Each structure stands twice: as structure tokens, then as C-alpha cells.
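What the coordinates show
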Amino acid sequence: MKAKIVKIISNQYTIVDKDNNRYEAVAMGKLRLGDSPVVGDNVIFEFRDSKATIEKILPRKNHLIRPLIANVDQALIVMSAKNPEFSSALVDRLIFLVVNVNIEPLICITKMDLSDDSIYDYINDYRKSGYTVILVDKDNVDHELDEILKDKITVLTGQSGVGKSTLLNKLNPEFNLKTQEISKALGRGKHTTRHSELHEVCGGLVGDTPGFSSLDFSHMDVYDLRNSVLDFRKYINACRFNDCLHQNEPGCKVKEAVDNGEVSSIRYNNYLDVLKSIQERRVKY
Ligand SMILES: Nc1nc2c(ncn2[C@@H]2O[C@H](COP(=O)(O)OP(=O)(O)O)[C@@H](O)[C@H]2O)c(=O)[nH]1
Ligand SMILES: [Mg+2]
Ligand SMILES: [Zn+2]
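**Some words on the domain arrangement of the protein chain**
Many descriptions give the size of an interface as the accessible area lost when the pieces come together. As assigned here, the protein chain comprises domain 1 (2-59), domain 2 (64-213) and domain 3 (222-279). Counting residues at the interface gives 14 residues for domain 2, matched by 16 residues for domain 3. Overall, the association of domain 2 and domain 3 removes approximately 1,200 Å² of surface from exposure, summing both partners, and the carbon and sulfur fraction of that is 55%. At the boundary of domain 2 and domain 3, one finds 2 salt bridges. R267 serves as the salt-bridge partner of D92, at 3.4 Å between the closest nitrogen and oxygen. The interface formed by domain 2 and domain 3 contains 9 residue pairs in polar contact (both at pLDDT 80 or more). Broken down by secondary-structure element, the contributors of at least two residues to the side of domain 2 that touches domain 3 are α2 (88-100) and α3 (119-128).

This is how it looks when you write it as C-alpha cells:
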């Protein structure tokens, strides 16, 4: 039978099947020796001595290390319109890191109530480029988000103070209560107890904040970066040279598209900044 792992505490697994039945399960010893099961894993389980036992991990579409989550569908990149000040440089770096690991980026702009209309220059730029942008203010959350989170595994990312916890709490008031209880319960001996969990929010699953916020590009080469800019995908193989980095090469269709306004110059300039830093091997921010 098939199920998904939604919670792991030490060697105790909570799995949920497609009819939303939850089981407490153990894993076969051989699984714990090799590539251990992580939350988000789709697994095959059997009942052995009336105990649900995970026998096999199904192939993963991706795998985050920090936190350990498999099969992440999308990342909600959270950035405030103000306080802290909106930064497209930061949003775009997060987009590149997320896309590089095959996770779909979604942009969520919080604290719209603190901003003037100039934020719409960015909002329109991202929307025109094909990115989904969700807006949040003190009292309201774009209804679209319910539909977006449903049936998916989502991680939230973004610098501290932008409103990630506030947003999750708005979507599901139980969320904060639950996470606070867990951190209290794990306060003692937390270094020895492994705990990870996907939380149910809007009919989907939301994982812990991943470590993208360190903005570490050291594992990416220039082509990984180029291929992580969704804005350029339309121009794949259009440039004169296949290995075009859209920098100063002759016959570059991306640069042409930037000049005539088809590709966002904001994204392009943020791309160039990261590209240069990789080329200079000054890879950390
Ligand atoms: N005005 C306003 N304040 C917000 C909004 N969202 C969050 N905040 C405030 O921003 C601060 C940081 O929020 P928090 O959720 O802890 O951010 P996190 O570090 O990303 O989890 C808190 O004081 C929140 O009350 C919003 O949409 N509008
Ligand atoms: Mg928080
Ligand atoms: Zn090019």
C-alpha cells in the first residue's frame, strides 16, 4: 500500500494514505541503514504483526537537505513590501536557488498595508515575466493561495521578520500553536531527538523554512545559474552560441530581448550580478 510520510520523531513515522488515513509506522531496518526515509517521501508499507511497516521509498523528484524534505513541489518566497524594505535582488537570488533544485518558485509579498503604490512596479514586472505573485496585508491574504497550496508540498523561505509565521498562522491558526508546543516539548534533549513534520495548511502540506536564506551559490556553476532563470527559458537555443551566458556574446537573443523590454531588466541585472560573483568565485553573500 502507498502512503506519504508527514512526520518523523526519532524512529517513529506518521504516514498518510490517499484516503487521508493516518498510521503510526516503523521502517524496515534496511531502510534506516541506507538512504533514510524523510518527510515528503512516498512509501510502500505493509502490516507486519499488525504494525504498519515502511518497506520501500519510491523515487524522489527532489530532496532538500536542510530541512530534510523530499518531493517539494513549490517554494513560497516571502518578502515584505516594507519593513524590511522590498529587495528584488534577494527575491531573484531565492528564485534562482529554488529553480536550480527543481522546485517551482512562487512570490508572496507581505505588509502591503505599509507600502505605497511604487511596489506595483515590481509586482507587475514579476507577473509580466510569468511568476505568480500573492499579496498579503495585515488583514487579508490573496484567496488564490488556498488553491495554490492544496495537494502540494510547499516550503516557505525568506529573511526573518518578513511575516512567514504571521502568514501561516492566518491560514491555519493551529499552526503556530502546534509548532510552539513542539519546540517546547523538544526543548530538552533536542540534539538527540530527530523531529521533522509537514503541517496541514489549506489542504496541502507545508514544511519548515529551508536554508536557502544563506544565499549560497557555491554549489552552482554558471550554467546551473543560467538555466535557473525562468525568464530566459523562452530563448533556449536561440542565441548564436549554445553556451551563451547572455553577458556580452555576439548574437545573444536574451540581451536583445532585455533591450526591447521582452525580458525584465531587473531580473537580468540581478542575474548578471550573481553570474559575476560565480565567475570571480566570490560565491557567498
Ligand atoms: N503591517 C503588517 N505587519 C505584518 C504583516 N505580516 C507580519 N507583520 C508583522 O511583522 C513582524 C514579523 O512577522 P513574523 O511573522 O514573525 O515574521 P517571520 O520572521 O518571517 O516569521 C511581526 O511583528 C508581524 O506582526 C502584514 O501583512 N502587515
Ligand atoms: Mg517566524
Ligand atoms: Zn545569450
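Once the structure has been displayed, the description carries forward.
**Digging into the environment of C202**
One can find C202 in the loop between β13 (199-201) and β14 (204-207). Looking at C202, the relative accessible area reads 24%, which means it is partly exposed. The spatial distance from the C-alpha of C202 to the C-alpha of I148 is 8.8 Å, given a sequence separation of 54 residues. Not counting chain neighbours up to four residues away, the residues in contact with C202 comprise D146, L149, K150 and L171.

**Focus on the site of ligand 1**
The environment of ligand 1 is formed by K111, D113, L114, D137, K138, S160, G161, V162, G163, K164, S165 and T166. G163 places a main-chain nitrogen or oxygen 3.0 Å from an oxygen atom of ligand 1. Separating an oxygen atom of ligand 1 from a backbone N or O atom of K164 is a distance of 2.8 Å. About the coverage of ligand 1: the protein hides 67% of its 580 Å² of free accessible area. Looking at the shell around ligand 1, its residues break down into 2 nonpolar, 5 polar and 5 charged.

**Some words on the coordination of the zinc ion (ligand 3)**
Looking at the zinc ion (ligand 3), the protein donor atoms are C239 (SG), C244 (SG), H246 (ND1) and C252 (SG), and they sit 2.1 to 2.4 Å from it. Coordination at the zinc ion (ligand 3) is tetrahedral: its 4 donor atoms span angles of 104 to 113° at the metal. In the primary sequence, the donor residues of the zinc ion (ligand 3) line up as C-x4-C-x1-H-x5-C. For C244, a relative accessible area of 1% puts it in the buried group. Overall, the relative accessible area of 5% leaves H246 in the buried class.

**Here we look at the pairing of strand β2 (residues 12-16)**
The element β2 is largely enclosed, with a buried count of 4 among its 5 residues. Where strand β1 (residues 2-9) and β2 come together, 5 bridges link them in antiparallel fashion. The partner of I8 across the bridge, within β2, is Y13. The loop that links β1 with its antiparallel partner β2 comprises 2 residues; one of these, S10, has a positive phi angle of about 50°. The antiparallel pairing of β2 with strand β3 (residues 22-27) creates a hairpin that spans 5 residues between the two strands, and N20 there sits at a positive phi of about 70°.

**Section: the packing of aromatic side chains**
Applying the stated criterion across every chain yields a total of 8 aromatic pairs. With 5.7 Å between their ring centres and 80° between their planes, F45 and F47 make a pair best called edge-to-face. Centre to centre, the rings of F232 and Y268 are 6.4 Å apart; their planes meet at 65°, and the pair counts as edge-to-face. Within this pair, whereas F232 is found in the loop between α7 (222-227) and α8 (253-259), its partner Y268 is found in helix α9 (residues 265-279), the two being separated by 36 residues in sequence. As far as the burial class goes, F232 and Y268 line up, both buried. The rings of Y23, F45 and F47 are connected pair by pair, giving a single aromatic cluster.

Reading the values: rules and limits
- Residues numbered from 1 in each chain as written.
- Chains lettered and ligands numbered in written order.
- Predicted model: local features only at pLDDT ≥ 70, side-chain atom pairs only at ≥ 80, totals over all residues.
- Heavy atoms only, no water.
- Domains from an automatic or database assignment.
- Contact = heavy atoms within 4.5 Å.
- Buried area = accessible area lost by both parts, 1.4 Å probe.
- Salt bridge = Lys/Arg side-chain N within 4 Å of Asp/Glu carboxyl O.
- Polar contact = N/O pair within 3.5 Å; in protein donor to acceptor, adjacent residues only side chain to side chain.
- Helix = DSSP H or I, 4+ residues; strand = E, 2+ residues; numbered from the N terminus.
- Buried < 20%, exposed > 50% of the residue type's maximum accessible area, 1.4 Å probe, protein only.
- Near = heavy atom within 4 Å.
- Areas by Shrake-Rupley, 256 points an atom, 1.4 Å probe, with all protein chains shown as cover.
- Nonpolar A, V, L, I, M, F, W, Y, C, P; charged D, E, K, R; others polar.
- Donors = N, O, S within 2.8 Å, 3.2 Å for Na, K, Ca; no water.
- Tetrahedral: all angles 85-135°; square planar, octahedral: opposite > 155°, others 65-115°.
- Pairing = 2+ DSSP bridges.
- Phe/Tyr/Trp six-rings, centres within 6.5 Å; stacked < 30°, edge-to-face > 60°.

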